[in-house]
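Observations on chain architecture
Here are the chains, one letter per residue:
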Amino acid sequence: QVQLVESGGGLVQAGGSLRLSCTASTASRNIFSINVMGWYRQGPEKQRELVASITRGGNTNYADSVKGRFTISRDNVENTVYLQMNSLKPEDTAVYYCNFLLAIAVAGRYGYWGQGTQVTVSS
């Protein structure tokens, strides 16, 4: 019942930047109570891993591999999470997925995933 739509992926050369966005919505409303917003990624032949997360209060958590290069932020009014990615490296190449954990379940679910957006970093 909650749909997450991602955008911002693409092809970039090493050292470049991209900004990913993910917005949640339903057919009947566009405001939610979201406890945690996060970004995950899955590279070729790798397991899905947490890249960054942010709580309602603005506390952030980053994977060691992206600290100092990526920044996560959120807009609670627009139900949107962003991931600013700078100094991109080829090893950042992956499909990136947003994930929201709701404070109140919708259709019996607290967790929702985006469809994934491809980020490719060339050497």
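Residues numbered from 1 in each chain as written. Predicted model: local features only at pLDDT ≥ 70, side-chain atom pairs only at ≥ 80, totals over all residues. Heavy atoms only, no water.

**As for the overall build of the protein**
As a reminder of what qualifies: Secondary structure elements follow DSSP: runs of H or I no shorter than four residues count as helices, runs of E no shorter than two count as strands, and numbering proceeds from the N terminus. Here the globule rule is a power law, 2.2 Å times the number of residues to the power 0.38, and the radius of gyration is based on C-alpha atoms. Here's how the labels work: a residue is buried when its accessible area is under 20% of the maximum for its type, exposed when over 50%, partly exposed in between, all with a 1.4 Å probe on protein chains only.
Check the secondary structure of the protein and you find 0 helices and 11 strands. Going residue by residue from the N terminus, the α and β elements of the protein occur as β-β-β-β-β-β-β-β-β-β-β. The C-alpha atoms of the protein give 14 Å as radius of gyration, which agrees with the globular expectation for 123 residues (14 Å, within 12%). Relative to its 123 residues, the protein shows a buried fraction of 42%.

**Points about the side chain of Ser 53**
Stated formally: Whether two residues are in contact is decided by their heavy atoms: any pair within 4.5 Å suffices.
Examined against the element boundaries, Ser 53 turns out to sit in strand 5 (residues 49-55). The class for Ser 53 is buried, based on a relative accessible area of 14%. Excluding its chain neighbours within four sequence positions, the residues that come into contact with Ser 53 are Val 36, Met 37, Gly 38, Asn 59, Thr 60, Asn 61 and Ile 72.

**Thoughts on the state of the cysteines**
Definition in use: The definition used for a disulfide is geometric: two cysteine sulfur atoms within 2.5 Å.
By the definition in use, this model includes 1 disulfide. Disulfide pairing places Cys 22 opposite Cys 98 at an S-S distance of 1.9 Å. Classification of the bridge connecting Cys 22 and Cys 98 rests on its S-S torsion, roughly 50 degrees, and on that basis the disulfide is right-handed. With Cys 22 in strand 3 (residues 18-25) and Cys 98 in strand 9 (residues 94-106), the pair connects residues that are 76 residues apart, well separated along the chain. Accessibility assignment for this pair places Cys 22 and Cys 98 in one class, buried.

**What to know about the nonpolar core**
Threshold: Nine residue types can take part in a nonpolar core, namely buried Ala, Val, Leu, Ile, Met, Phe, Trp, Tyr and Cys, and a core is a set of them joined through side-chain atoms within 4.5 Å.
Among the nonpolar cores identified, the biggest contains 31 residues, and Trp 39, Val 81, Leu 83, Met 85 and Tyr 96 are the most heavily contacted of them. Those elements that provide at least two residues to this core are strand 3, strand 4 (34-42), strand 5, strand 7 (70-75), strand 8 (80-85), strand 9 and strand 11 (117-122). For this core, the leading source of residues is strand 9, giving 6 residues. Sequence-distant contacts of Tyr 96, defined by excluding residues within four places in its chain, comprise Glu 6, Leu 20, Trp 39, Tyr 40, Arg 41, Val 51, Phe 70, Leu 83, Met 85, Gly 116, Thr 117 and Val 119.

**Re the pairing of strand 1 (residues 3-7)**
Side-chain direction in a regular strand flips from residue to residue, so the side chains alternate between the two faces of the sheet. In plain terms, the rule: Pairing between two strands requires that DSSP report at least two bridges joining them.
Alternating residues of strand 1 divide into Leu 4 and Glu 6, all buried, and Gln 3, Val 5 and Ser 7, none buried. Of the pairings in the sheet, the one linking strand 1 to strand 3 comprises 5 bridges and is antiparallel in character. Looking at strand 3, one finds that Ser 7 is bridged to Ser 21.

**Quick look at the packing of aromatic side chains**
Put simply, the rule is: For this analysis, a ring pair means two rings from Phe, Tyr or Trp (six-membered ring only for Trp) whose centres lie within 6.5 Å, classed as stacked if their planes differ by under 30 degrees, edge-to-face if by over 60, and tilted for the remaining angles. Whether a charge lies above a ring is judged from NZ of Lys or CZ of Arg, which has to be within 6 Å of the ring centre and within 35 degrees of the ring normal.
Counted under the stated rule, the structure contains 1 aromatic pair. Stacked on the ring of Tyr 97, the Lys or Arg Arg 48 has its end atom at 3.9 Å from the ring centre. The cationic tip of Arg 48 hangs over the ring face of Trp 113; the distance from NZ or CZ to the ring centre is 4.8 Å.

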